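# Per-entry structural report
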Amino acid sequence: MLGETARTWLHRWDEQQERYSPDREERFQVVIDIVGRSLDRSGTAARPLLVDLGCGTGSLTTRLARAFPRADTVGVDADPLLLGLAEEAVAGTDIRLLARDLTAPGWADAVAPAPWDAAVSSTALHWLDPGELAALYRTLAARLRPGGVFVDADNRRPADDPELIDIARHVRARRAHRTGRQGREAWAGWWKTFLSAPELAPLTEARARSPIAHRTFRQPNGLTTAAQTALLREAGFSGAATVWQCGDDSVLVAVR
Ligand SMILES: C[S@@+](CC[C@H](N)C(=O)[O-])C[C@H]1O[C@@H](n2cnc3c(N)ncnc32)[C@H](O)[C@@H]1O
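Now for a look at the structure at hand. (Residues numbered from 1 in each chain as written. Predicted model: local features only at pLDDT ≥ 70, side-chain atom pairs only at ≥ 80, totals over all residues.)

### Structural notes on the pairing of strand S2 (residues 72-77)
Which entries qualify depends on this criterion: Counting other C-beta atoms within 10 Å of a residue's own tells you its class, since 20 or more makes it buried, 12 or fewer makes it exposed, and anything in between is partly exposed; those C-beta atoms are placed from the backbone. Runs of H or I in DSSP of at least four residues are treated as helices and runs of E of at least two as strands, each being numbered from the N terminus. A right-handed crossover is one whose linking path, passing over the helix from the first strand to the second, runs clockwise when the strands point away from the viewer. Here, strands pair whenever DSSP counts at least two bridges between them.
Burial analysis of S2 places five of its six residues in the buried class, the great majority of the element. Viewed along the sheet, the connection from strand S1 (residues 49-53) through helix H3 (residues 59-67) into S2 turns out right-handed. By the bridge criterion, four bridges tie S2 to strand S3 (residues 96-99) in an arrangement that is parallel. Counted as the bridge partner of Asp77 is Ala99 from S3. Handedness of the crossover joining S2 and S3 through helix H4 (residues 80-89) is recorded here as right-handed.

Below, the structure written as structure tokens:
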């Protein structure tokens, strides 16, 4: 639909996100490595089901589908504007994109019945408040097959201690500085330009009518890694741990 324009915006999105997650590409690869290990171990599904939660423009979804071409890869997001760009990113593939709010009942039914093989996410679930996140974890625990994984790459608090929170942020900021990504376009400025781009007007109008327009600029939930791990166990996961980290940017894995 938007062709070259969309590709420019997709690239600009990835560049902007690296300001906040300077090792974003490595982090994506870690997510893929974990899913690959889980699929190798299960060895059975002819067409494994992989779900990207809060897929946005499809950065992780497309990388996942390229890594696992046999899989049924599904991206779920509630933002019509970012999904509009994702549609361009997945053109010519069999990736499915679903416009659903992860806090609304029934979103998982639109994806597929159980069993799912893996659910992944990147820089998305910190927008869900603790009750919403607990409900999401319960849904995932009910859908994932035994041994299936939930892999969540996100910025999260390492602990409740303000000094430790600041140290973790500092480590990530220094990494962004060393990799030359600290000066990248900032989140707020990106959105300001994006929302006023004339070529995106139909998608922008769809976004303005959507409840997500009022959700995504809330405060992050502020949950620590320990709190999220506890919620995952309560939801029915057998275990959860951080397996990759740079300051407050980390990959948390939960095994069903
Ligand atoms: C920072 S973006 C990350 C997008 C993508 N995963 C990436 O790494 O580039 C956060 C995404 O979470 C989505 N999101 C936030 N709350 C959501 C909800 N309740 N339901 C569905 N998607 C949600 C937003 O629409 C946005 O696309």
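### Things to note about helix H7 (residues 162-178)
Our working definition: Expected span of a helix, by definition, is 1.5 Å for each gap between consecutive residues, and there is one gap fewer than residues. In this description, the arc belongs to the directions extending from the helix axis to the C-beta atoms. Contact definition: two residues whose C-beta atoms, as placed from backbone geometry, lie within 7 Å.
With 17 residues, H7 should cover 24 Å at 1.5 Å per step; its first-to-last C-alpha distance of 24 Å lies within 8% of that length. Burial in H7 covers these residues: Ala168, Arg172 and Ala176. Here the buried residues of H7 occupy an arc of 85° about the axis, which is enough to place them on one side. Opposite the buried face of H7, at more than 90 degrees from it, the exposed residues are Pro162, Glu163, Asp166, His170, His177 and Arg178. The secondary structure elements touched by the buried residues of H7 are helix H1 (4-20), strand S6 (239-246) and strand S7 (249-255). Taken from the residues just after H7, Gly180 is the one with a positive phi, measuring 75°.

### Overview of the site of the ligand
Let me state the cut-off plainly: Being near a molecule or strand means, for a residue, that its C-beta atom, positioned from the backbone, comes within 6 Å of it. Gly is placed with the polar residues, together with every amino acid not listed as nonpolar (Ala, Val, Leu, Ile, Met, Phe, Trp, Tyr, Cys and Pro) or charged (Asp, Glu, Lys and Arg).
Residues in contact with the ligand amount to 21 residues; listed here are only the nearest, Gly54, Gly56, Asp79, Ser122 and Ala124. Residue classes in the shell around the ligand are distributed as eight nonpolar, nine polar and four charged.

### Some points on the environment of Gly43
In this fold, Gly43 is placed in the loop between helix H2 (24-42) and S1. Sequence spacing of Gly43 and Thr123 is 80 residues, and the spatial spacing of their C-alpha atoms is 29 Å.

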